[in-house]
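In case you want the letters, here they are:
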Amino acid sequence: MASNLSAPISVVGTVANPFETEESDAQNPEGGAIPSRKPLSLWPGMYHSPVTAALWETRSRIFENLLDPPLDAPPQTQFLTKTPSQSRTSVLYNFSTDNILREQYRDPWNEVRIGKLLEDLDALAGTISVKHCSDDDATTRPLLLVTASVDKMVLRKPICVNLDLHLSGAVIWVGRSSIEVQLEVTQSTKEISDTSDSVALTANFIFVARDYKTRKAAPVNRLSPETEQEKLLFQEAEARNNLRKRKRGGERRDFENGGVNRLEALLAEGRIFCDMPALADRESILLRDTRLENSLICQPQQRNIHGRIFGGFLMHRAFELAFSTAYAFAGMVPCFLEVDHVDFLRPVDVGDFLRFKSCVLFTQLENPDQPLINIEVVAHVTRPELRSSEVSNTFYFTFTVRPEAKATKNGFRVRNVVPATEEEAIRILERMDAESLWPDKIETGK
């Protein structure tokens, strides 16, 4: 493998042409170079962000067989032991000098568009997992790596679109067929020299490996952490994996806490809304009254290099709906804080009728200067001809309100959200309990 793969991947703010011309290409009889054709599987990258396109091309160079796998080849049987540094990959956004790139990522508040950044993070995490799983053996069929979930993504400070941005990450843990990748987004200023202070966002992605032919779970290369920090990250990821296993095994948290029935307490106010609406608390609102929804037909331009709809695109669309939901609910421009969790439950294909449904699941109003708005988005693949609808993804986001927007509405309060049904109450409690398992809930400089 070439030694320069660990160098930052160069990104430019242009749309790539699938027929690239290089000086080394053969000349045609009429003069000029004969264009060389990109692999067909890389064409979708032209319609995603320039960073995603660059990452997919890098991935193809690392693991070329993944794009056109020899299905009759034997599976990998000799597994390597790799270090986190061997999968480390970084991306540099030259926002300060590339005007086109900067405009592609600018939002109305002169910050980076979070939805586009989610696409890039998913593409980077996928490239890192491919690096780890590559065995450099062209005689074996490659693995199919699928995003299973996003465990946590925390925005620690605003990301300015006028300053250069650096994405980096590595594999921090592996199981038999699963991989956890941790990413960091850093942005330095002249005032900030400490590396830890320059971290703007952290994210943890979980991938699972599948055999390309059988689609069954497949083992992956082992991981050997070297530094004390790498060993600590490995232990923390191992603990999270054990917790996920217990949850999958049917372990349910008890809603009875200290003799107080949390479920009944949560439903009490909702019953007043339903039975005596004139007497309901004016500082509260029913969950069902916060809902928004949008739909789309999945297009070929939205596919990834495997022909399925790109997970980063799904996160982008879910984020945009979640942002709109928080905006309509609060009556002020929201400020993104976290992706709390994302589950990829089933693949989404080109041509699928996809419906995104959102709601404000609950609010946390203990800190009046930073009220927290927790948004749930559920994606459904709908097949009208079969009269079926299946959940493909669940997304959970946390927002607050922008301080400058809050200052213009003196005395305005974010409302409390209450459930009207037991099913809604259980969803709220499950998310509250899931959030309590993360000790470092939202510390931000906003």
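Residues numbered from 1 in each chain as written. Predicted model: local features only at pLDDT ≥ 70, side-chain atom pairs only at ≥ 80, totals over all residues. Heavy atoms only, no water.

Each helix and strand counted, the protein has nine helices and 18 strands in total. Within the span of the protein, comprising 446 residues, buried residues form 50% of the whole. Looking at the protein as shown, the accessible area adds up to about 21,300 Å², and 51% of this sits on carbon and sulfur atoms. (Helix = DSSP H or I, 4+ residues; strand = E, 2+ residues; numbered from the N terminus. Buried < 20%, exposed > 50% of the residue type's maximum accessible area, 1.4 Å probe, protein only. Areas by Shrake-Rupley, 256 points an atom, 1.4 Å probe, with all protein chains shown as cover.)

Before going further, it helps to examine the pattern of salt bridges. Counting across every chain of the model gives 18 salt bridges. Notably, a salt bridge pairs Arg355 with Glu293, separated by 2.5 Å at the nearest N-O pair. Placement of Arg355 in strand E15 (residues 353-364) and of Glu293 in strand E13 (residues 292-297) is noted, with a sequence separation of 62 residues between them. Judged by relative accessible area, which is 26%, Arg355 ranks as partly exposed. Residue Arg308 is joined to Asp349 by a salt bridge in which the shortest nitrogen-to-oxygen separation is 2.3 Å. Within this pair, whereas Arg308 is found in the loop between E13 and helix H7 (311-330), its partner Asp349 is found in the loop between strand E14 (334-344) and E15, the two being separated by 41 residues in sequence. Given the relative accessible area of 36%, Arg308 is considered partly exposed. (Salt bridge = Lys/Arg side-chain N within 4 Å of Asp/Glu carboxyl O.)

We now examine the packing of helix H4 (residues 114-133) against H7. Remark: H4 packs on H7, axes separated minimally by 8 Å, with the N-to-C direction vectors making an angle of 160 degrees. Relative to H7, H4 is oriented roughly antiparallel. Helix-helix and strand crossings are classified by hand; for H4 and H7 the assignment is right-handed. Between H4 and H7, the contacting residues are Ile114, Gly115, Lys116, Leu118, Glu119 and Asp122 on the first element and Gly311, Gly312, Phe313, Met315, His316 and Phe319 on the second. When the residues that make up the contact of H4 with H7 are grouped by side-chain class, the tally is five nonpolar, four polar and three charged. (Axes fitted to C-alpha atoms, helices over the stretch in contact; angles between N-to-C directions. Parallel < 35°, antiparallel > 145°, perpendicular 65-115°, else oblique. Left-handed = near helix turned anticlockwise from the far one by under 90°. Contact = heavy atoms within 4.5 Å. Nonpolar A, V, L, I, M, F, W, Y, C, P; charged D, E, K, R; others polar.)

Its location among the elements puts Leu372 in strand E16 (residues 372-383). Residue classification places Leu372 among the buried residues on the basis of a relative accessible area of 10%. The sequence separation of Leu372 and Phe336 amounts to 36 residues, and the corresponding C-alpha distance is 9.9 Å.

Considering all chains together, one arrives at 14 aromatic pairs under this definition. Ring centres of Tyr93 and Phe95 lie 5.2 Å apart, and the angle between their planes is 40 degrees; on these two criteria the pair is classed as tilted. Residue classification places Tyr93 among the buried residues on the basis of a relative accessible area of 0%. Consider the rings of Phe319 and Phe397, whose centres lie 6.0 Å apart with planes at 70 degrees: the pair is edge-to-face. A residue pair is termed long-range when its members are at least 10 positions apart, and Phe319 in helix H7 and Phe397 in strand E17 (residues 388-401) qualify at 78 residues. Taken individually, Phe319 and Phe397 each receive the classification buried, so the pair is uniform in this respect. Through successive ring pairs, a cluster of aromatic residues spans Trp109, Phe319, Phe323, Tyr327, Phe336, Phe356, Phe395, Phe397 and Phe399. For Lys116, the ring lying beneath its charged end belongs to Tyr105, and the centroid distance is 5.3 Å. (Phe/Tyr/Trp six-rings, centres within 6.5 Å; stacked < 30°, edge-to-face > 60°. Lys NZ or Arg CZ within 6 Å of the ring centre and 35° of its normal.)

This part covers the side chain of Thr382. Along the chain, the position of Thr382 falls in strand E16. Thr382 gets classed as buried once you look at its relative accessible area, which sits at 12%. Beyond its immediate stretch of four places on either side in the chain, Thr382 contacts Phe353, Arg355, Ser388 and Ser389.

Among the secondary structure elements, Ala125 is positioned in helix H4. For Ala125 and Ala203, which are 78 residues apart along the polypeptide, the C-alpha to C-alpha distance reads 9.5 Å. Beyond its immediate chain neighbours, meaning those up to four positions away, Ala125 contacts Val181, Leu183, Phe205 and Phe207.

Further remarks concern the sheet that holds strand E8 (residues 199-211). Adjacent strands of a sheet form backbone hydrogen bonds with each other and so pair up, either parallel or antiparallel. With respect to topology, 10 strands assemble into an open sheet ordered E4-E6-E7-E8-E5-E14-E17-E16-E15-E13, the strand pairing being antiparallel. Two strands close off the open sheet at either side, each with one partner strand: strand E4 (89-93) and E13. Sheet twist, expressed as the mean angle between neighbouring strand axes with direction ignored, is 25 degrees. Helix-sheet contacts for H4 involve E4, strand E5 (143-155), strand E6 (165-174), strand E7 (178-186), E8 and E14, and the interaxial angle to E6 is about 45 degrees. Of the strands in this sheet, E5, E8, E13, E14, E15, E16 and E17 touch H7, which is tilted by about 55 degrees from E17. (Pairing = 2+ DSSP bridges.)

So, about the confidence of the model for the protein. Mean pLDDT for the protein: 82, with 78% of residues reaching 70 or above. Taken as a whole, residues 15-37 scores under 50 in pLDDT and shows 35 contacts with residues more than four places along the chain or in a different chain. Counted against residues more than four places away or in other chains, residues 441-446, with its pLDDT under 50, gives 25 contacts. (pLDDT = per-residue confidence, 0-100.)

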